[in-house]
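Structural overview for review
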Amino acid sequence: MTVPKRPDVPRIPFFDYLRQYRELSAQLDAAIARVLRSGRLVLDREVRSFEEEFAGYCGATHGIGVNSGTDAIQVALRAAGIGEGDEVITVPNTSVGTISAICSAGARPVFTDVLEGNLLIDPDGIAAKIGPRTKAVIPVHLFGQAAEMDPIMAIAERHDLTVIEDSAQSHGAEYHGRKTGSIGHAGCFSFYPTKNLGGFGDGGIIVTSDPGIASRARSIRTYGWERRDLSVYAGINSRLDELQAALLRVKLPLLDDWNQRRYEHAMQYKQLLAGLPLTLPTIPPGMLHVFHLFVVRTQWRDDLMTYLAGRGIGSLIHYPIPLHLQGAYAHLGYTEGAFPVSERAQKEILSLPLYPELTRVELEEVCSAIRSFFLTGA
């Protein structure tokens, strides 16, 4: 099968799922056919098998498939008993999905700033934000690297807080030998196509070793049913479908190899970009960084992004406007200057192309263009 190249895609795209599809097309097409011929399309064998396989991969006991990473967080919060009147501490430099999920669960987001070095949640900041209504913390494992979970869990234990890991960007990442998603009370993953383990549309999963959270989450994702047409919770309709589960089952055994390729690309970037006026990612001891994104920082970010685009090289900003400064969340009462590390970083960060199928030649061309930008007078 020949897949035509879209004319609007850069010569070196930021992400290109078709490269992976070409490698796996026979297995993926067979998985689709298997589901269509089964006559079972919703919450059947493929979903149950994938839930078990992915939870086991993460080191958790239970997996609950839902239709997005955002719903995974909402359902996990509700399954942990968090809702109206409760507060949930997290960071402002994350996807809007994190905050949307908190609000959809009926709770109120409370922001704290991030660490300068890795832009992950500052555990000391969590402690300073805890109040009488605080019920949970959502550490975001941003860019593929785990947050400092040991101090976070210690704070949570002292204050009887639930920890829901936002693992949407950290499939396979490890914190001192433990995979993200298995360290807190529940972990929430997205299978959006760009993720390290991506589907062909939206999808998500909650992993947990807490049987109570697992049982309630399974019910909440399907109208709160105890059995068909009998609701014991005010649930929603959020189910990972059989087709996505079957496709993800093809990909899951390849995830570690893909993550290794991402890591190798990241090390090549670090080597080839060394010495330029860029802040490059670092990896603390005991961390397995899976480089969902390779993010650099520079005060000339916007000019560099334009320069790369002019040379047919894709790049993106994750995320350009901190959530506390967005109109939808003005009611939370934050103003500019409230979180200086997040605000400064959002003006400097740029994500470069990085995916397993990126070639060494393409990576070198990206780095050559960046060097040229700085040498010609950024």
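A quick note: this is a predicted structure, and the numbers were derived from the prediction, not measured.

Some thoughts on helix α4 (residues 96-104)
By the burial criterion, the buried members of α4 are Gly 97, Thr 98, Ile 99, Ala 101 and Ile 102. Of the surrounding secondary structure, the elements contacted by the buried residues of α4 are α3 (69-79), β2 (87-90), β3 (108-111) and β5 (162-166). Measuring from the backbone nitrogen of Gly 97 back to the side-chain oxygen at the start of α4 gives 3.0 Å, which picks out Ser 95 as the cap.

Focus: the environment of His 289
Position of His 289 among the secondary structure elements: in the loop between β12 (287-288) and β13 (294-297). Along the sequence, His 289 and Tyr 263 sit 26 residues apart, while their C-alpha atoms lie 7.3 Å from each other. Residues contacting His 289, with those up to four places away along its chain left out, are Phe 143, Gly 144, Gln 145, Tyr 263, Thr 282 and Ile 283. Only 3.4 Å separates the side chain of His 289 from the backbone oxygen of Gly 144, close enough to count as a polar contact. Within the structure, the side chain of His 289 is placed 3.0 Å from the backbone nitrogen of Phe 291, a separation counted as a polar contact.

Re the sheet that holds strand β1 (residues 62-66)
Taken in spatial order, the seven strands line up as β1-β9-β8-β5-β4-β2-β3 in an open sheet, and their pairing is mixed. At either margin of the open sheet sits one strand with a lone partner, and together these are β1 and β3. Mean inter-strand twist for the sheet, computed between neighbouring axes without regard to direction, equals 25°. With three bridges joining them, β5 and strand β8 (residues 186-190) adopt parallel strand pairing. Within β8, the position partnered with Glu 165 by the bridge is Gly 187.

Notes on the environment of Ala 128
In this structure, Ala 128 sits in helix α5 (residues 123-129). The exposure class assigned to Ala 128 is exposed, which follows from its relative accessible area of 65%. A C-alpha to C-alpha distance of 44 Å links Ala 128 and Ala 246, two positions 118 residues apart in sequence.

Considering unusual backbone geometry
The linkage connecting His 318 with the following residue, Tyr 319, adopts the cis geometry, with an omega of 10°. Tracing the backbone through its elements, the reader meets Tyr 319 in the loop between α10 (301-310) and α11 (340-346). Within the chain, Asp 160 stands out as a residue other than glycine whose phi angle is a positive 55°. A residue is classified by how much of its surface remains accessible, and Asp 160, at 69% relative accessible area, is exposed.

With respect to the pattern of salt bridges
Under the definition given, this model contains 17 salt bridges. For Glu 46, the salt bridge identified is with Arg 34, shortest N-O distance 2.7 Å. One end of the pair, Glu 46, is in helix α2 (residues 45-58); the other, Arg 34, is in helix α1 (residues 17-38), with 12 residues separating them in the sequence. For Arg 34, a relative accessible area of 38% translates into the label partly exposed. Across the pair Glu 348 and Arg 297 runs a salt bridge, and its minimum N-O distance is 2.8 Å. With Glu 348 in the loop between α11 and β14 (349-352) and Arg 297 in strand β13, the pair connects residues that are 51 residues apart, well separated along the chain. Exposure class is identical for Glu 348 and Arg 297. Each is buried. In the salt-bridge network here, residues are joined through shared partners; they are Arg 34, Glu 46, Glu 53 and Arg 249.

Re the pairing of β14
Residues Ile 349 and Ser 351 point to one face of β14 and Leu 350 and Leu 352 to the other, with burial holding for every one of them. Where β13 lies against β14, four bridges are found, and the strand directions are antiparallel. Pairing of Val 296 across the sheet is with Leu 350, part of β14.

Thoughts on the layout of surface pockets
The probe, sized like a water molecule, is rolled over the atoms to show the empty space still left. Within this model, the largest pocket holds a volume of roughly 590 Å³. Taken together, 34 residues form the lining of the largest pocket, with Gln 169, Tyr 192, Thr 194, Lys 195 and Tyr 319 sitting closest to its centre. The set of elements that each furnish at least two residues to the lining of the largest pocket consists of α3, α4 and β8. Of the residues contributing to the lining of the largest pocket, the split by class is 15 nonpolar, 15 polar and four charged.

Quick notes on empty space enclosed by the protein
Scanning the entire structure with this criterion turns up two cavities of 30 Å³ or more. There is about 200 Å³ of room inside the largest cavity. For the largest cavity, the lining is made up of 18 residues, of which Gly 117, Asn 118, Phe 143, Pro 281 and Val 295 are closest to its centre. A per-class count over the lining of the largest cavity returns 10 nonpolar, six polar and two charged. By volume, the second largest cavity amounts to about 140 Å³. In terms of lining, the second largest cavity is formed by 16 residues, of which the most central are Phe 15, Gln 20, Pro 193, Lys 195 and Lys 251. Contributing elements (two or more residues each) for the lining of the second largest cavity: α1 and α9 (255-273). Its residues assigned to classes, the lining of the second largest cavity shows seven nonpolar, four polar and five charged.

Reading the values: rules and limits
- Residues numbered from 1 in each chain as written.
- Predicted model: local features only at pLDDT ≥ 70, side-chain atom pairs only at ≥ 80, totals over all residues.
- Heavy atoms only, no water.
- Buried < 20%, exposed > 50% of the residue type's maximum accessible area, 1.4 Å probe, protein only.
- Helix = DSSP H or I, 4+ residues; strand = E, 2+ residues; numbered from the N terminus.
- Contact = heavy atoms within 4.5 Å.
- Polar contact = N/O pair within 3.5 Å; in protein donor to acceptor, adjacent residues only side chain to side chain.
- Pairing = 2+ DSSP bridges.
- Axes fitted to C-alpha atoms, helices over the stretch in contact; angles between N-to-C directions.
- Salt bridge = Lys/Arg side-chain N within 4 Å of Asp/Glu carboxyl O.
- 1 Å grid on protein atoms, 1.4 Å probe; cavity = no way out; pocket = protein on both sides within 12 Å on 5 of 7 lines; lining within 4 Å.
- Points joined across faces, edges and corners; volume = space filled by probe spheres on them.
- Nonpolar A, V, L, I, M, F, W, Y, C, P; charged D, E, K, R; others polar.

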